[in-house]
Amino acid sequence: SLIRTAAASARQRNAPFPHSLVCGAAGLGKTSIARLIASEMDVRFIATTAEALEDSSDAKGLISQLDDTGYDGRGNATGKLKPAILFIDEAHRLPRQSQELLYSCVEDRVLDTRIRDPISGLVKPVREWVPHFTLIAATNRPGDLTTSFRDRLRLNLRLECYDEKDSAKIARQALTKMGLKCSPKTATLIAARWRGVPRK
């Protein structure tokens, strides 16, 4: 599959999985796809929502969770890297400022923030290096993201709704696991209610 091929290539090059945009309706498995990628890469999975990234301090707290294994103190790679998967759900809700901060982390591996000097009280800019990581943005409204942000997400994964036949099959399998009998007609009726998005 595409994910396994990309993961194998990334591991061989000691590089992160490509930054990705996962599009699809709620319930189709965007988070599951991101977890699958983390599993294939054998790296840490860090999940958050767009609402949790309102300013640079939020971004800094999130970036601080990335795995810095394989780097020296200046951010130079010295060994085997473990580029974490950073998953952002409802990415279309990200403020423009947060999108700009994130694509600086993605493209330049730096995080620019401002801190207040406790002695002088003056605010000064601070630039910190960022470990390699994979940003996976999930959304059902990709058009609401800035073009600059979307352009930095190299892999575009689009999840389509299930057709009626597959939805009915899923319904029957789910009911069987619960020890319930289900006729093909009943499964079809249940599937019609899902409208292509099977959810428990």
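Nothing here was measured: the structure is a model prediction, and the numbers come from that model.

Participant: Quick question: what am I supposed to make of the sheet that holds strand β3 (residues 84–89) here?
Facilitator: The strands making up a sheet associate through hydrogen bonds between their backbones, and the pairing can be parallel or antiparallel. Strand order in the open sheet formed by 5 strands is β2-β3-β6-β1-β7, with parallel pairing between adjacent strands. Of all strands in the sheet, those bounded by a partner on one side alone are β2 (45–49) and β7 (155–158). Each strand of the sheet is rotated relative to its neighbour by a mean of 20°, with strand direction disregarded. Note: β3 against strand β6 (residues 133–139), 5 bridges, orientation parallel. Bridge pairing links A84 to F133 in β6.

Participant: I'm lost on the pattern of salt bridges in this one. Help?
Facilitator: Opposite charge on two side chains permits pairing when their charged atoms draw close. Per the stated rule, a full pass over the model turns up 8 salt bridges. Note that D42 is salt-bridged to K82, the shortest N-O span being 3.6 Å. Within this pair, whereas D42 is found in the loop between α2 (30–41) and β2, its partner K82 is found in the loop between α3 (56–63) and β3, the two being separated by 40 residues in sequence. Given a relative accessible area of 28%, K82 falls into the partly exposed group. Where K60 meets E128, a salt bridge forms, and the shortest distance between an N and an O atom there is 3.0 Å. Of this pair, K60 sits in helix α3 while E128 sits in strand β5 (residues 123–129), and the two are 68 residues apart along the sequence.

Participant: Just to check I follow, could you spell out the nonpolar core for this structure?
Facilitator: Within soluble globular proteins, side chains that are nonpolar generally end up buried alongside one another. Within the largest apolar cluster, 27 residues are counted, with the highest numbers of intra-cluster contacts made by L94, F133, L135 and F149. Those elements that provide at least two residues to this core are β1 (20–23), α3, β3, α4 (96–108) and β6. With 5 residues, the top contributor of residues to this core is α4. Setting aside anything within four residues of it in sequence, one finds L135 in contact with H19, S20, L86, I88, V106, F149 and L153. In this structure, F17, A34, I85 and L155 belong to the second largest nonpolar core, which totals 21 residues.

Participant: Explain the side chain of T134 to me, please; I cannot follow it from the model alone.
Facilitator: Along the chain, T134 turns up in strand β6. Here the side chain of T134 touches F17 through a polar contact of 2.6 Å, landing on its backbone oxygen. Ignoring sequence-local partners within four residues, the contact set of T134 consists of P16, F17, P18, H19, A84, I85 and L86.

Participant: Would you explain α3 in this entry?
Facilitator: Of the positions making up α3, those classed as buried are S56, A59, L62 and I63. The arc enclosing the buried residues of α3, seen along the axis, measures out at 120°, which places them on a common side. Check the buried side of α3 and you find it contacts β2, β3, α4 and β4 (110–116).

Participant: Whenever I open this one, the packing of helix α1 (residues 2–12) against α2 confuses me. Can you help?
Facilitator: For any two helices packed against each other, the geometry is given by the interaxial angle and the distance between the axes. Their axes nearest at 9 Å, the elements α1 and α2 cross at an angle of 40°. With respect to their mutual orientation, α1 and α2 come out oblique. Relative to α2, the crossing made by α1 is right-handed. Counted together, I3, R4, A7, A10 and R11 of α1 and I33, L36, I37, E40 and M41 of α2 form the full contact between these two elements. Looking at the contact of α1 with α2, its residues break down into 7 nonpolar, no polar and 3 charged.

Cut-offs applied
Residues numbered from 1 in each chain as written. Predicted model: local features only at pLDDT ≥ 70, side-chain atom pairs only at ≥ 80, totals over all residues. Heavy atoms only, no water. Pairing = 2+ DSSP bridges. Helix = DSSP H or I, 4+ residues; strand = E, 2+ residues; numbered from the N terminus. Axes fitted to C-alpha atoms, helices over the stretch in contact; angles between N-to-C directions. Salt bridge = Lys/Arg side-chain N within 4 Å of Asp/Glu carboxyl O. Buried < 20%, exposed > 50% of the residue type's maximum accessible area, 1.4 Å probe, protein only. Core = buried A, V, L, I, M, F, W, Y, C linked by side-chain atoms within 4.5 Å. Contact = heavy atoms within 4.5 Å. Polar contact = N/O pair within 3.5 Å; in protein donor to acceptor, adjacent residues only side chain to side chain. Arc of directions from axis to C-beta. Parallel < 35°, antiparallel > 145°, perpendicular 65-115°, else oblique. Left-handed = near helix turned anticlockwise from the far one by under 90°. Nonpolar A, V, L, I, M, F, W, Y, C, P; charged D, E, K, R; others polar.

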